[in-house]
Amino acid sequence: MKKDLLKLLDLTSEDILEILDTADRLKAMKKAGIPHPFLEGKTLAMIFEKASTRTRVSFETGMYQLGGHALFLSAKEMQIGRGEPVQDTARVLSRYVDGIMIRTFRQEEVEDLAKYGSIPVINGLTDFCHPCQVLADLMTVREKFGSFKGLKLCYIGDGNNMANSLIVGGLKAGMQVACASPKGYQPDPAVLEFAAGMEGFELYEDPKEAVKGADVVVTDTWASMGQEEEKAVRAKAFQGYQVNHDLMALAAPGAIVLHCLPAYRGQEITDETFEEHAAEIFEEAENRLHVQKAVMVRLMKG
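All of these numbers come straight from a predicted model, not from anything done at the bench. (Residues numbered from 1 in each chain as written. Predicted model: local features only at pLDDT ≥ 70, side-chain atom pairs only at ≥ 80, totals over all residues. Heavy atoms only, no water.)

> An account of the nonpolar core is needed here, citing residue identities and associated values.
Among the nonpolar cores identified, the biggest contains 56 residues, and Leu5, Ile122 and Met296 are the most heavily contacted of them. Each residue touching Met296, except ones within four places of it in the same chain, is listed here: Leu39, Leu44, Phe59, Gly62, Met63, Leu66, Ile122 and Lys301. Core analysis: the next-biggest nonpolar cluster, separate from the first, contains 22 residues, Ala180, Tyr185, Ala251 and Val257 among them. (Core = buried A, V, L, I, M, F, W, Y, C linked by side-chain atoms within 4.5 Å. Buried < 20%, exposed > 50% of the residue type's maximum accessible area, 1.4 Å probe, protein only. Contact = heavy atoms within 4.5 Å.)

Take a look at the structure:
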């Protein structure tokens, strides 16, 4: 595995499965109360340019459980927020800490941290991708079904960072992947180019066509952070893309629903459908902790 986790496009199918296997073992140890201080004496710098609940708590708690220490660094309070070049921040932090997690807007900022730093860099989220979340999604799917073989994953909604990472991660895991997004809101061209070279991918505008026979149905908010002013326009564009009882009736029997959270009930998903699938949605949220611990162990243990 590469020394960083910048995007799932960088990982092989074997890399993804190794992370999931490690996450399974760490989750079992946590449930059994077995100490696992694999990162004792290590420090993770966590840079936040975007607000967070799950990312901060899961990374900080994960480092504690691994015997290490996490530092919360708000970009507003760092020199990077006052114009210090990313490459300088990367080189300074490389002399203080053992790894960097960053949650930001631009993918280029994450790539530059990895380019100029000498320690592992983990992408906690960018506008382009959300690798840790999708690894947690894949972990949840495998827990539910036992394997990825023969499964169909369907994403309904905005072609955002979640769509980009789900397409890549789902295909690399060996699933069929369908994506339904309206015109003007489709996934990144680089991701569609990747998917065009893979078997089992379909891009739709009609969510009813996309969801047919799906074992896993995933959705996300229609307006991500930084898009608040577009909410009204997006609400109109995404009419018909709500995950609800009628849409789920077209999915395979026993299909699960995943959502990276926060969920805006009544918009991308109904309250009824959310609550029917709350068990897997919150297991998915928990699995962020285990997957990220696996990533940190594999990158930072040495």
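> Which residues make up the environment of Lys3, and what are the values?
Within the element layout of this structure, Lys3 appears in the segment before helix H1 (13-32). You can call Lys3 partly exposed: its relative accessible area is 40%. Sequence separation of Lys3 and Arg298 is 295 residues, and the distance between their C-alpha atoms is 8.6 Å. Those residues in contact with Lys3 that sit more than four places away from it in its chain are Ala114, Gly117, Ser118, Ile119, Pro120, Val121 and Leu299. Among the polar contacts listed, one links the side chain of Lys3 to the backbone oxygen of Ile119, at a separation of 3.5 Å. (Helix = DSSP H or I, 4+ residues; strand = E, 2+ residues; numbered from the N terminus. Polar contact = N/O pair within 3.5 Å; in protein donor to acceptor, adjacent residues only side chain to side chain.)

> I'd like a description of the state of the cysteines, backed by residues and values.
Within the structure shown, the criterion is met by zero disulfides. Counting only cysteine sulfurs, Cys179 is the nearest neighbor of Cys154, a cysteine outside any disulfide, at a range of 7.7 Å. Not part of a disulfide, Cys260 finds its nearest cysteine sulfur in Cys132, a span of 13 Å. By relative accessible area, which is 8% here, Cys260 ends up buried. (Disulfide = S-S within 2.5 Å.)

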